[in-house]
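Fold and contact review
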Amino acid sequence: MPQAAAIISGIQKMVLYETRARYFLVGSNEAQTKHRVLKIDRTEPKDLVIIDDKHVYNQQEVRELLGRLDLGNRTKIGQKGSSGLSRAVTAFGIVGFVRFLEGYYIVLITKRRKMADIGGQSIYKIEDTTMIYIPNDSVRVTHPDEARYVRIFQNVDLSSNFYFSYSYDLSHSLQYNLTLLQRPYELWSSAASSGEEEVHTQSKQDSFDIFEDEGLPTQVVYGLQNEPYYKYVWNGKLLERVKDIVHPDWLMYIIHGFCGQSKLLIYGRPVHITLIARRSSKFAGTRFLKRGANCEGDVANEVETEQIVHDASVMSFTAGSYSSYVQVRGSVPLYWSQDISTMMPKPPIRLDQADPYAHVAALHFDQMLQRFGSPIIILNLVKKREKRKHEKILSEELYPAVINLNQFLPPDHCIDYIAWDMARYTKSKLCNVLDRLSMIAENVVKRTGFFINRSDFYCHTLRPDDRWGDLGGHIASSGRVQTGVLRTNCVDCLDRTNTAQFMVGKCALAYQLYALGMIDKPKLQFDTDCVRLFEELYEDHGDTLSLQYGGSQLVHRVKTYRKIAPWTQHSKDIMQTLSRYYSNAFSDADRQDAINLFLQVYQPSETKPHLWELPTDFYLHQKSTMALPQDRRSYTLWWSKGILSYLPVAYDEVPCDDTMKKVDVKRVNRFDESIDIYTEFFKPYELTCFDDTFCVGMTNSARDFMPKTVGVDPSPFTVRKPEETGKSVLGNKSNKEETLLQRKTAASAPPPPSEEAISSTSEDDSEEDRDDEGSVSQRSTPIKLLTESGESSRAQEEIQQTVKEPYGLNLAEFPSEEDVFIYKRFAHLGESQHTVERTQHIKLANIICLEPVSCFPEDSVYAVCPPQVDRNSHDVFESHVMMGQGQVRALCREDTLMYREYVKNRYM
């Protein structure tokens, strides 16, 4: 058993009840066996009074409590018409509490949708929220500007790309979360013993142990609850008011960015590829209004992108194989901005403050060294040659700043600077942009390495690769650790940056799959199912981040730089450019006000000017400009204390006194539900449908990308022709219901029509409707009975062809006599069932014969003889148990043939 496990939140469902004097928020776990109650006072007009009932209720106790509250709050004793306790709303979590000029509001999550699964721990996307005013109407003190602040606050669409999890810390990387579990026991045994209230004082009912009555020692696991990384938490300020008052299970931190997951099927072995992007909540805003860095070293449009690859056949964090790679994008860390008052598509870049000692860049890279370790590699993609100096201004300032900072760092841990004019290479017909990017990516991944929680497999000894030995990073006893990070930037950190990050991610994905033993060399080709799946994930990721920061989707995509984009893409690029320009000119200011209010950068007060009256928000984000610093940072020793001694490993991942203070540890029984991830994932107390599970519905390489032709190689690493893809066969339908229906009927439906029968994007909707009608009529072709022999034989051939096409079988000339006899009995039974007046008594024995089908030779209520298990079944079960322990046997020829037959029947 593992010595440590992450704590699962004990509050995943909640119901808000209201009386005239109080709100009662009743929270429960997923199984609804444990409940907690939060009392919120409604008689205070401007203050937030919350009482957390420390008692843990069971279901019966909660019902009795609510019954007493209902009875005690009725207007007249014994009156049943008007209930004193009414149910207001059902929710899945608290976003936070916020106040403008009147009283406090509570923001609750009312709808959620599962987006990813990592080691059995679910990640949800917020689908809908509700905002409820807490004080009663009788004590409410109205203010004329309150409604305007509410509208500005609600301009931040919480149903758009906000994510949370009850058990997985989304603000940290997988490397941090797993290395936290792998720290030795002695490091937190003293921390656990110091908190006496946490030390296994539960009743037998709460933590049942079957070995306790036998005199055997109880198996103890250390449950860990880590402090989030507040830079990527978007509701930290909204929960700050109640953080020290309520139980930690009530606190749920959300991130903003992107989360997507797809399944890569490698001969039936599921490998999940997950992409998580965390947008920084520091110096956050829109494209032209937030540029460069603030005085604390936080840069605009800073996003940490993490790709996680794990073998989904084993779910456990300890027995399973998990790998991750992290890279960062962010604006150039200088004091610079663009003046948007001129209404130009490209406003001129101006440097706002002189920074000769690179003070703001030092603060920024100090944060990166602390979180990622060394080396920090900068990939600067801005233009070098311009007729009118524009982007080049940033390079001329950034490069001297890096040179200045590097002269004080040890040579082994210096910041690497790579400057490459990507736009100039794109215009050249002689240069291949992606080939150059792949060379840069190879060098970057070799220097930083990547994270994997397994040591090298034996297959790496059997099939050694020269590049594997040159790989960097920190090699530990339990696997590899990524040290350092790639930081990519252009001017906007959108189009060029996303393509560069995709190429680095593609290179890292090859190493990750090689480390997991899935491929024989760390190299992936374009136009394979695997890379197409990964490219679609990255394009969704880039579109989402571009909409959040720039107001439109990506203008230049990977296909644009591969120079294989269709001619219709140029018109789409123009429309995206116009959409981005319109958003920047007219709606960015309102969005910036909403972000400032949501993040509590600006807190309304009657003594301050209103948010819409401020000429600029510069002083909201540059806090130190209005005060003299007490202690000035050194220009030479510009890094924080203790960081250099642990490099290249990141300081945040080192088990030292400062990092251990951020972890809460408590001793629990190994069977306690607060750490039982299997019960959390499989939910044995619920009736679930297999087709509705998340892993069945997610994007699948065999279903969505593999060509739908018989005899094709099912390997996702085989190079396909551009027209041989599941996406092109599926057509350009945008209807989600049609896609869902196609997924559900993929096993039984006939093959889709050819490419000539599918309308292109330039054709109108009526042409698509005609294709749909044609495909429907093809599926339900009526069979006509013809009298003439020639026509009947010709019809028989047509029937054979139509049956062979969808089912792959030839129809026999005549069924056997036994089959005809069975069908006649079936038809006779059907006729007898639908006949109203029965003239004769029907004997069921003449129509259908019932025979026992049990495998048990002796079967009664008193005794049972178990059936014999053959050797093949025994081997299958043994291999299943070995897989659960992380030992997977190699595929033989029979396995490959069986998988091909499965794919042909399931997806073709």
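Residues numbered from 1 in each chain as written. Predicted model: local features only at pLDDT ≥ 70, side-chain atom pairs only at ≥ 80, totals over all residues. Heavy atoms only, no water.

Some remarks on the overall build of the protein chain
Convention followed: Each helix corresponds to a stretch of at least 4 residues labelled H or I by DSSP, and each strand to a stretch of at least 2 residues labelled E; elements are numbered beginning at the N terminus. For every residue, the accessible area obtained with a 1.4 Å probe (protein chains only) is divided by the maximum for its type, and the residue is called buried under 20%, exposed over 50%, and partly exposed between those limits. What makes two residues a contact is simply this: any of their non-hydrogen atoms within 4.5 Å. Accessibility throughout is a Shrake-Rupley quantity obtained with a 1.4 Å probe, and a residue counts as covered only by protein chains that appear here.
In terms of helices and strands, the protein chain carries 28 helices and 25 strands. Buried positions account for 47% of the 908 residues belonging to the protein chain. Of the contacts formed within the protein chain by residues at least 6 apart in sequence, a portion of 71% connects residues at least 24 apart. Here the protein chain has roughly 47,500 Å² of accessible surface; of this, 53% comes from carbon and sulfur atoms.

Quick word on the sheet that holds strand 24 (residues 663-669)
This is how the line gets drawn: A pair of strands counts as paired when DSSP detects no fewer than two bridges linking them. Inter-axis angles, ranging from 0 to 180 degrees, are taken between N-to-C directions of lines fitted to C-alpha atoms, where helices are fitted over the stretch in contact.
Across the sheet, which stays open at both edges, the three strands sit in the order 1-11-24 with mixed pairing between neighbours. The outermost strands of the open sheet, each flanked by one partner alone, are strand 1 (4-6) and strand 24. For this sheet, the mean inter-axis angle between neighbouring strands, taken without regard to orientation, is 35°. Both strand 11 (residues 220-226) and strand 24 contribute to a ladder of seven bridges, which runs antiparallel. By the bridge assignment for strand 24, Q225 is matched with D664.

Topic: the packing of aromatic side chains
Condition: Each Phe, Tyr or Trp ring (for Trp, its six-membered ring) is paired with any other whose centre lies within 6.5 Å, and the angle between the two planes then decides the class: stacked below 30 degrees, edge-to-face above 60, tilted in between.
Per the counting criterion, the structure on display carries 29 aromatic pairs. Ring plane angle 40° and centroid distance 5.6 Å describe the contact between Y229 and Y232, whose orientation is recorded as tilted. The buried category is assigned to Y229, whose relative accessible area is 19%. The buried category is assigned to Y232, whose relative accessible area is 1%. Ring geometry for W468 versus Y514: centroids 5.2 Å apart, planes at 65°, classification edge-to-face. Of this pair, W468 sits in helix 11 (residues 466-469) while Y514 sits in helix 12 (residues 495-515), and the two are 46 residues apart along the sequence.

What about the sheet that holds strand 3 (residues 22-28)?
As summarised here, the arrangement of the five strands in space is 5-4-3-2-6, forming an open sheet in which the pairing is antiparallel. Both outer strands of the open sheet, strand 5 (50-57) and strand 6 (86-91), are each paired with one neighbouring strand and no more. In this sheet, neighbouring strand axes are inclined to one another by 20° on average, regardless of whether the strands run parallel or antiparallel. Where strand 4 (residues 35-41) meets strand 5, five bridges bridge the pair, whose relative direction is antiparallel. Paired with H35 across the bridge in strand 5 is Y57.

Focus: the pattern of salt bridges
Here is the rule: Counted as salt bridges are all cases of a side-chain nitrogen of Lys or Arg within 4 Å of a carboxyl oxygen of Asp or Glu.
By the definition in use, this model includes 31 salt bridges. For the salt bridge of D366 with R633, the shortest nitrogen-to-oxygen distance reads 3.2 Å. Here the residue D366 occupies a position in helix 6 (residues 359-372), and R633 occupies one in the loop between helix 16 (618-621) and helix 17 (657-660), the gap between them amounting to 267 residues. The exposure class of R633 is partly exposed, given its relative accessible area of 34%.

So, empty space enclosed by the protein
In this approach the atoms are scanned with a rolling probe the size of a water molecule, which exposes any empty space left behind. The line we're drawing: Any residue with an atom within 4 Å of a point lines the site, the site being either a cavity, points on a 1 Å grid over the protein atoms alone where a 1.4 Å probe fits but cannot get out, or a pocket, an open set with protein on both sides within 12 Å along at least 5 of 7 lines. Grid points are joined across faces, edges and corners, and a volume is the space filled by probe spheres set on the points. Nonpolar residues are Ala, Val, Leu, Ile, Met, Phe, Trp, Tyr, Cys and Pro. Charged residues are Asp, Glu, Lys and Arg, and all others, Gly as well, are polar.
Taken as a whole and assessed by the stated rule, the structure comprises five cavities of 30 Å³ or more. Of the volumes computed, that of the largest cavity is approximately 130 Å³. Forming the walls of the largest cavity are H172, S173, Q175, Y176, E304, V326, R371, F372, Q482, G484 and E653. When residues of the lining of the largest cavity are traced back to their parent elements, those giving at least two are helix 3 (174-181) and helix 6. Here the residues of the lining of the largest cavity are counted per class, giving three nonpolar, five polar and three charged. If you add up the space inside the second largest cavity, you get close to 50 Å³. Every residue lining the second largest cavity is listed: S122, Y124, Y166, S167, E680 and K683.

Things to note about a positive patch on the surface
The cut-off we apply is this: Exposure above 30% relative accessible area and the lack of any salt bridge qualify a residue for a patch; like charges then connect within 9 Å, and the nonpolar side chains Val, Leu, Ile, Met, Phe, Trp and Tyr within 5 Å. Charge assignment: positive for Lys and Arg, negative for Asp and Glu; neither His nor the chain ends contribute. All charge positions are set by atom: Lys at NZ, Arg at CZ, Asp at CG, Glu at CD.
Where like charges cluster on the molecular surface, the positive patch consists of K384, R385, K392, R424 and R436. Within the secondary structure, R436 sits in helix 9 (residues 433-448).

Details of the confidence of the model for the protein chain
Filter applied, for reference: pLDDT is a per-residue confidence score from the predictor, ranging from 0 to 100.
Mean pLDDT over the protein chain works out to 80, with 77% of the residues at or above the 70 mark. A low-confidence stretch, residues 193-216 stays under pLDDT 50, and its non-local contacts, those more than four residues away or across chains, total 27 contacts. Scored below 50 in pLDDT, residues 728-801 shows 46 contacts in the model against residues more than four places distant or in partner chains.

Some words on the nonpolar core
This is how the line gets drawn: By convention a nonpolar core is built from buried Ala, Val, Leu, Ile, Met, Phe, Trp, Tyr and Cys residues, the set being connected through side-chain atoms within 4.5 Å.
Membership of the largest hydrophobic core comes to 55 residues, with the highest contact counts inside it found for L437, V445, F450, F502, L509, L513 and L524. The set of elements that each furnish at least two residues to this core consists of strand 12 (255-266), strand 13 (269-279), strand 14 (303-311), strand 18 (376-380), helix 9, helix 12, helix 13 (529-549) and helix 14 (558-562). Take this core: its biggest share by element is twelve residues, from helix 12. Residues within four places of V445 in sequence aside, it is in contact with Y325, L471, V504, C507, A508 and Y511.

What to know about the pairing of strand 14
For strand 14, the buried fraction is high: nine of the nine residues fall into the buried class. Looking at chain direction, strand 13 and strand 14 are connected through nine bridges and run antiparallel. Within strand 14, the position partnered with R279 by the bridge is V303. Summarising the sheet, strand 14 and strand 15 (residues 322-329) pair through eight bridges and their orientation is antiparallel. Along strand 15, the bridge assignment pairs V309 with S323.

Considering helix 9
We apply this condition: Working rule for helices: expected span equals 1.5 Å times residues minus one. For the purposes of these results, a polar contact is taken to be a pair of N or O atoms within 3.5 Å, where, inside protein, one atom must be able to donate a hydrogen and its partner to accept one; residues adjacent in sequence count only when each atom of the pair is a side-chain atom.
Look at helix 9: 23 Å from first C-alpha to last across 16 residues, which is about the 22 Å you get at 1.5 Å a residue. Looking at where helix 9 begins, the residue whose side-chain oxygen comes 3.1 Å from the main-chain nitrogen of L434 is N432. Positive phi shows up at G449, right after helix 9, with a value of about 70°.

A word on the environment of A6
Relative to the helices and strands, A6 resides in strand 1. Overall, A6 belongs to the partly exposed group, its relative accessible area being 27%. Residues A6 and V665, spaced 659 residues apart in sequence, show a C-alpha to C-alpha distance of 9.7 Å. Beyond its immediate stretch of four places on either side in the chain, A6 contacts S167, L181, L224, S674 and I675.

Quick notes on unusual backbone geometry
Backbone torsion omega between S374 and P375 reads 5°, so that peptide bond is classified as cis. Structurally, the position occupied by P375 is in the loop between helix 6 and strand 18. For the bond from L647 to P648, the omega torsion is 10°, close enough to zero to count as cis. The phi dihedral of Q32 falls on the positive side, at around 60°, and the residue is not glycine. By secondary structure assignment, the location of Q32 is in the loop between strand 3 and strand 4.

Considerations on the packing of helix 12 against helix 13
Short version of the rule: An angle below 35 degrees is treated as roughly parallel, one above 145 as roughly antiparallel, one from 65 to 115 as roughly perpendicular, and anything else as oblique. It is the rotation of the near helix from the far one that decides the hand of a crossing: anticlockwise by less than a right angle makes it left-handed, clockwise makes it right-handed.
It is the contact of helix 12 with helix 13, at a shortest axis distance of 10 Å, that shows an interaxial angle of 140°. When the axis of helix 12 is compared with that of helix 13, the two are oblique. The interaxial crossing formed by helix 12 with helix 13 has right-handed handedness. In this structure, helix 12 uses N498, Q501, F502, G505, K506, L509 and L513 to contact helix 13, whose residues at the interface are C530, V531, F534, E535, Y538, H541 and G542. Its residues assigned to classes, the contact of helix 12 with helix 13 comprises seven nonpolar, five polar and two charged.

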